[in-house]
Amino acid sequence: MDEQLAYFGFSHCLGLGPVAFDALIKRFGTAGRAYDAKSDELKSVLGFKKQVLFSEFRNRFNAEKKLKEINGKGIVVLSRQDKKYPHLLKEISDAPICLYVKGDLDSVDLNKLHFAVVGTRMATSYGVQIARLLARELAESGVSIVSGMALGIDSQAHYGCLEAKGTTIAILGGGVDIVYPPQNKQLYDQILNNKGLIMSEFPPGMTALKGLFIARNRIVSGMSKGVLVVEGAQNSGAMVTARIAAEQGRDVFAVPQSITSPVSKGPNLLIREGATLVTSVDDILEELNLQR
């Protein structure tokens, strides 16, 4: 099979993720040869269950037809081989096989400096103010803002960037053609109407599921130079993102919180563990070697 189509096909086979894909590439050399491999050859790499999963998928999946359908919706597919695929993201151990992108990709450089701003969905008024302010000031300094388009801190980070007429990128835990959460339809449209991007590793049409958000979070941090946690509980998704970011070798930043706030434990714990304390955008810009 054609190499690009093979990447596209593998990215549609749910249950066969980047780690298994990398094992196939190591064994067969190219995605095309791996896609066309015999069942016994696949079994030696994937094991019985995943070999059956992939073989059954391959028999029913028409890659050319599906790609044409997706492109017809204005969605671009970037495989790891594509020059526009984010170089920084490609460096992580479980880089997405493909990225599905909605928006004007020609107007966005996915290899410029990206910075992630994340936090709780249950944001306080303080968190809303800080997330929006710092995202806006970072955007004014030429930094693009990455977040997960969740309610709360994520949304405010996107809005702050939009206020500065900067580039913001939303990473979804489902298909890029499905607005999630639905309450953020206005934000979704604003991002697309202001030369921003909606991205996901999950195929279009796929509904966002709770278990997919951790996978989404690794992309948020993976394509970013650093990650700022504004608010979050100790075991929140924002903290998971921060942990993943540290494992990926990314810089972690946190805004100090009142010890009486229910969303203070995450950021305060990160600071205690060595994250860069942020009291102004200059604390971030200094670490990124940027100036206002």
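See the structure printed just above.
Nothing here was measured: the structure is a model prediction, and the numbers come from that model.

Another point: the overall build of the chain. Across its full length, the chain holds 14 helices and 9 strands. Since a compact globule built from 292 residues should have a radius of gyration of about 19 Å, the 19 Å found for the chain is in line with a globular shape. Dimensions of the chain, computed from C-alpha atoms along their principal axes, come out at roughly 60 × 40 × 35 Å. In the chain, which comprises 292 residues, the share counted as buried stands at 54%. Expressed as a percentage of contacts within the chain between residues at least 6 apart in sequence, the contacts between residues at least 24 apart total 72%. When the accessible surface of the chain is summed, it comes to about 13200 Å², and 50% of that surface belongs to carbon and sulfur atoms. In the chain, which carries 34 positive and 30 negative side-chain charges, the distance between the mean positions of the two groups comes to 5 Å.

Because an α-helix packs 3.6 residues into every turn, residues spaced three or four apart end up facing the same way. The element helix 1 (residues 3-12) is extensively covered by neighbouring structure, given that 9 of its 10 residues are classed as buried. When we look at burial in helix 1, the residues that qualify are Glu 3, Leu 5, Ala 6, Tyr 7, Phe 8, Gly 9, Phe 10, Ser 11 and His 12. Elements in contact with the buried residues of helix 1: helix 2 (18-28), helix 3 (31-35), helix 5 (48-60), helix 6 (63-72), strand 1 (75-79) and strand 2 (98-103). Where helix 1 begins, one side-chain oxygen reaches toward the backbone nitrogen of Gln 4, 3.1 Å away; that side chain belongs to Asp 2.

Our next topic: the environment of Leu 151. When you line up the elements, Leu 151 lands in the loop between strand 4 (144-147) and helix 9 (153-163). Sequence separation of Leu 151 and Asn 194 is 43 residues, and the distance between their C-alpha atoms is 20 Å. Every residue in contact with Leu 151, bar those within four places of it in the chain, is listed here: Thr 120, Arg 121, Pro 181, Gln 183 and Asn 184.

In a soluble, globular protein the nonpolar side chains are often hidden away together inside. Counting residues in each nonpolar core, the largest one holds 38 residues, and the members touching the most others are Phe 10, Leu 16, Leu 24, Phe 54, Tyr 100, Met 149 and Ile 198. Setting aside residues up to four positions removed in sequence, Leu 16 forms contacts with Phe 10, Leu 24, Leu 46, Lys 50, Leu 53, Phe 54 and Ile 97. By size, the runner-up hydrophobic cluster in this structure holds 31 residues, among which are Ile 171, Ile 219, Ala 245 and Val 252.

All told, the structure shown has 11 salt bridges when counted by the stated rule. For Glu 69, the salt bridge is made with Lys 66, and the minimal N-O distance between the two is 3.5 Å. Of the two residues, Glu 69 and Lys 66 are both situated in helix 6; the distance of 3 residues between them amounts to about one turn of the helix. Judged by relative accessible area, Glu 69 falls into the partly exposed class, the value being 37%. Residue classification places Lys 66 among the partly exposed residues on the basis of a relative accessible area of 25%. With a shortest N-O distance of 2.5 Å, Glu 273 and Arg 243 are connected by a salt bridge.

So, on to helix 10 (residues 185-193). Of the positions making up helix 10, those classed as buried are Leu 187, Tyr 188 and Ile 191. The buried residues of helix 10 occupy one face: seen down the axis, they fall within an arc of 105°. Residues Gln 186 and Asn 193 are exposed on helix 10 and point more than 90 degrees away from its buried face. Tucked inside the fold, the buried residues of helix 10 contact strand 2, helix 9, strand 5 (168-171) and strand 6 (197-200). Following helix 10 by one or two positions, Lys 195 adopts a phi angle in the positive range, close to 60°.

At their nearest, the axes of helix 2 and helix 4 (residues 39-46) sit 9 Å apart, and the two run at 120° to each other. On the basis of their axis angle, the class for helix 2 and helix 4 is oblique. Both helix 2 and helix 4 take part in a crossing whose hand is right-handed. When helix 2 is examined against helix 4, the residues Ala 20, Ala 23, Leu 24, Arg 27 and Phe 28 are found in contact with a partner set consisting of Glu 41, Leu 42, Ser 44, Val 45 and Leu 46. Classifying every residue of the contact of helix 2 with helix 4 by side-chain character gives 7 nonpolar, 1 polar and 2 charged.

We now examine the sheet that holds strand 9 (residues 276-277). Strand order in this open sheet of 9 strands is 1-2-6-5-4-3-7-8-9, and the pairing throughout is mixed. Here the strands that pair on one side only, and so sit at the sheet edges, are strand 1 and strand 9. Pairing of strand 3 (residues 114-118) with strand 7 (residues 226-229) involves 4 bridges; the strand directions are parallel. Looking at the pairing, Val 118 lines up with Val 229 of strand 7.

Right, let's talk about the packing of aromatic side chains for a bit. Under the defined criterion, the tally for this structure stands at 11 aromatic pairs. Aromatic ring contacts, followed pair by pair, group Tyr 7, Phe 8, Phe 10, Phe 21, Tyr 35, Phe 54, Phe 57, Phe 61 and Tyr 100 into a single cluster. It is Arg 121 that lies over the ring of Phe 213; its NZ or CZ is 5.6 Å from the centre.

Conventions and cut-offs
- Residues numbered from 1 in each chain as written.
- Predicted model: local features only at pLDDT ≥ 70, side-chain atom pairs only at ≥ 80, totals over all residues.
- Heavy atoms only, no water.
- Helix = DSSP H or I, 4+ residues; strand = E, 2+ residues; numbered from the N terminus.
- Rg over C-alpha atoms; globule rule 2.2 N^0.38 Å.
- Buried < 20%, exposed > 50% of the residue type's maximum accessible area, 1.4 Å probe, protein only.
- Contact = heavy atoms within 4.5 Å.
- Areas by Shrake-Rupley, 256 points an atom, 1.4 Å probe, with all protein chains shown as cover.
- Lys, Arg positive; Asp, Glu negative; His and termini not counted.
- Charge placed at Lys NZ, Arg CZ, Asp CG, Glu CD.
- Polar contact = N/O pair within 3.5 Å; in protein donor to acceptor, adjacent residues only side chain to side chain.
- Core = buried A, V, L, I, M, F, W, Y, C linked by side-chain atoms within 4.5 Å.
- Salt bridge = Lys/Arg side-chain N within 4 Å of Asp/Glu carboxyl O.
- Arc of directions from axis to C-beta.
- Axes fitted to C-alpha atoms, helices over the stretch in contact; angles between N-to-C directions.
- Parallel < 35°, antiparallel > 145°, perpendicular 65-115°, else oblique.
- Left-handed = near helix turned anticlockwise from the far one by under 90°.
- Nonpolar A, V, L, I, M, F, W, Y, C, P; charged D, E, K, R; others polar.
- Pairing = 2+ DSSP bridges.
- Phe/Tyr/Trp six-rings, centres within 6.5 Å; stacked < 30°, edge-to-face > 60°.
- Lys NZ or Arg CZ within 6 Å of the ring centre and 35° of its normal.

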